[in-house]
Amino acid sequence: MVKSINTRDYHDWRLQFTSENSSIGFVPTMGALHQGHLYLVQQAKRQCSQVVVSIFVNPRQFNDANDLESYPVQLEEDLALLSNEGIDIVLVPSIHEIYPVDDTSSLDMSSYAHIAQGLEGDHRPGHFQGVVDVVSRLLTIVKPQKLYLGKKDYQQLKVLEAMVRKEKFALDVIGVPTERAYSGLALSSRNALLSEDGRARASRIYEALQCAKAVALHGDSAEIACAKGKAVLQSAEGVKEEYFLIANRHTMSVNEVGSPKEWVVFCAAHVEGVRLIDNVEVFD
Ligand code: PAF
């Protein structure tokens, strides 16, 4: 039976149930779990002796109060889903366990600030600062050997890889491919806020990304690939583009998209007022 525990109980559990030979796989989440999260959990279970999932809706990473307010919360359902996956321990810290009132510090991101710029970094000011703050604090509590993150949040993955290196956390970061609905729509907690019609419309985002990828692989420049992808997105009824860009997959720079192709096509768009992001990798 799955057990949701706070930070102190987690320390006790770790002392009691892990040994030097244990490998802890950690899947941090903000809850509202879907198949994409479960896919991360399944991968972690294959590779680690113990898997810990956290559920914490991190206020610091929301730059829009309405977005935080409308973020879906469904702890009971989440625990049931994790129980079905054979997860025993779910860390559900309180806000003050993560952010004690006397600790308002933020991590210094200056050495990898360039990765956190552009794309989400430009459109959600302060978002990545909030992400590195919470994940570094969670890692200090959980002390895992492997950290599992989805590639849907590709820039987040790159920022957190850089944070882990800079802060010298002794762990591997595993980037897990995006899980998609049959229509191609990337699975996201936010999809729960869409109507059936909205989900159908939102699947055009993937179509636009795939179009850009096909054009790029055909040998066209990033500029042309982007323009063709954007045209698909703009023809999609009910889908409002926020950005559609191609960037270097290591640096996240839109100016470093030469040869060989190590690109990612990124899109952020709004459907029925819900902000969605997705991406596809492009390799030569
Ligand atoms: O990707 C998410 O769900 C969040 O950004 C994370 C990594 C759990 C940090 O709050």
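Residues numbered from 1 in each chain as written. Predicted model: local features only at pLDDT ≥ 70, side-chain atom pairs only at ≥ 80, totals over all residues. Heavy atoms only, no water.

### Some thoughts on the overall build of the protein
Here is step 1: Counting its regular elements, the protein contains 11 helices and nine strands.
Here is step 2: Its C-alpha atoms give the protein a radius of gyration of 19 Å, near enough to 19 Å, the size a compact globule of 284 residues would have.
Here is step 3: Each principal axis of the C-alpha atoms in the protein carries an extent, and together these give about 55 × 40 × 35 Å.
Here is step 4: Relative to its full complement of 284 residues, the protein shows a buried share of 51%.
Here is step 5: Sequence separation of 24 or more characterises 74% of the internal contacts of the protein that already satisfy a separation of 6 or more.
Here is step 6: Carbon together with sulfur atoms contributes 50% to the accessible area of the protein, which is approximately 13,300 Å² in total. (Helix = DSSP H or I, 4+ residues; strand = E, 2+ residues; numbered from the N terminus. Rg over C-alpha atoms; globule rule 2.2 N^0.38 Å. Buried < 20%, exposed > 50% of the residue type's maximum accessible area, 1.4 Å probe, protein only. Contact = heavy atoms within 4.5 Å. Areas by Shrake-Rupley, 256 points an atom, 1.4 Å probe, with all protein chains shown as cover.)

### Observations regarding the pattern of salt bridges
Here is step 1: One pass over the full model with this rule turns up 17 salt bridges.
Here is step 2: A salt bridge links Glu-161 to Lys-158; the nearest nitrogen and oxygen atoms lie 3.3 Å apart. Within this pair, Glu-161 and its partner Lys-158 are both found in helix α8 (residues 154-167), separated by three residues, close to a single helical turn.
Here is step 3: On the accessibility criterion, Lys-158 (11% relative accessible area) is buried.
Here is step 4: Note that Arg-201 is salt-bridged to Glu-237, the shortest N-O span being 3.7 Å. Taken as a pair, Arg-201 in helix α9 (residues 196-202) and Glu-237 in the loop between α11 (222-234) and β7 (239-248) lie far apart in primary sequence, 36 residues in all.
Here is step 5: Judged by its relative accessible area of 63%, Glu-237 is exposed.
Here is step 6: Salt bridges sharing common partners tie together Asp-67, Arg-124 and Arg-190. (Salt bridge = Lys/Arg side-chain N within 4 Å of Asp/Glu carboxyl O.)

### Let's talk about the environment of Arg-8
Here is step 1: Secondary-structure assignment places Arg-8 in helix α1 (residues 7-17).
Here is step 2: Since its relative accessible area comes to 62%, Arg-8 is described here as exposed.
Here is step 3: It is 20 Å that separates the C-alpha atoms of Arg-8 and Met-30, two residues lying 22 residues apart in sequence.

### Examining the sheet that holds strand β1 (residues 3-5)
Here is step 1: Taken in spatial order, the six strands line up as β1-β4-β3-β2-β5-β6 in an open sheet, and their pairing is parallel. Two strands in the sheet have a free side with no partner beyond their single neighbour: β1 and β6 (172-176). Between one strand axis and the next, the sheet turns through 30° on average, direction left out of account.
Here is step 2: Bridge analysis of strand β5 (residues 146-150) against β6 gives five bridges, and the strand direction is parallel. Residue pairing for β6: Gly-150 is matched across the bridge by Val-176. (Pairing = 2+ DSSP bridges. Axes fitted to C-alpha atoms, helices over the stretch in contact; angles between N-to-C directions.)

### So, the site of the ligand
Here is step 1: Inspection of the region around the ligand gives Pro-28, Thr-29, Met-30, Gln-61, Val-134, Val-135, Asp-153 and Gln-156 as its neighbouring residues.
Here is step 2: For the ligand, an oxygen atom lies 2.6 Å from a polar atom in the side chain of Gln-61.
Here is step 3: Contact distances for the ligand include 2.7 Å between an oxygen atom and a side-chain N or O atom of Gln-156.
Here is step 4: For the ligand, the accessible surface in isolation is 290 Å², of which the surrounding protein chains cover 89%.
Here is step 5: Looking at the shell around the ligand, the elements that each hand over two or more residues are β2 (24-29) and α7 (127-142).
Here is step 6: Of the residues assigned to the shell around the ligand, the class counts are four nonpolar, three polar and one charged. (Near = heavy atom within 4 Å. Polar contact = N/O pair within 3.5 Å; in protein donor to acceptor, adjacent residues only side chain to side chain. Nonpolar A, V, L, I, M, F, W, Y, C, P; charged D, E, K, R; others polar.)

### Quick look at the pairing of strand β3 (residues 50-55)
Here is step 1: Burial of β3 is extensive: six of the six residues sit out of reach of the surface.
Here is step 2: Of the two faces of β3, both are covered, the one formed by Gln-50, Val-52 and Ser-54 as well as the one formed by Val-51, Val-53 and Ile-55.
Here is step 3: Judged from the six bridges that link them, β2 and β3 form a sheet pairing that is parallel. By the bridge assignment, Ile-24 is partnered in β3 with Gln-50.
Here is step 4: In this fold, β2 hands off to helix α2 (residues 35-47), which returns the chain to β3; that crossover is right-handed. (Right-handed = clockwise from strand over helix to strand, strands pointing away.)

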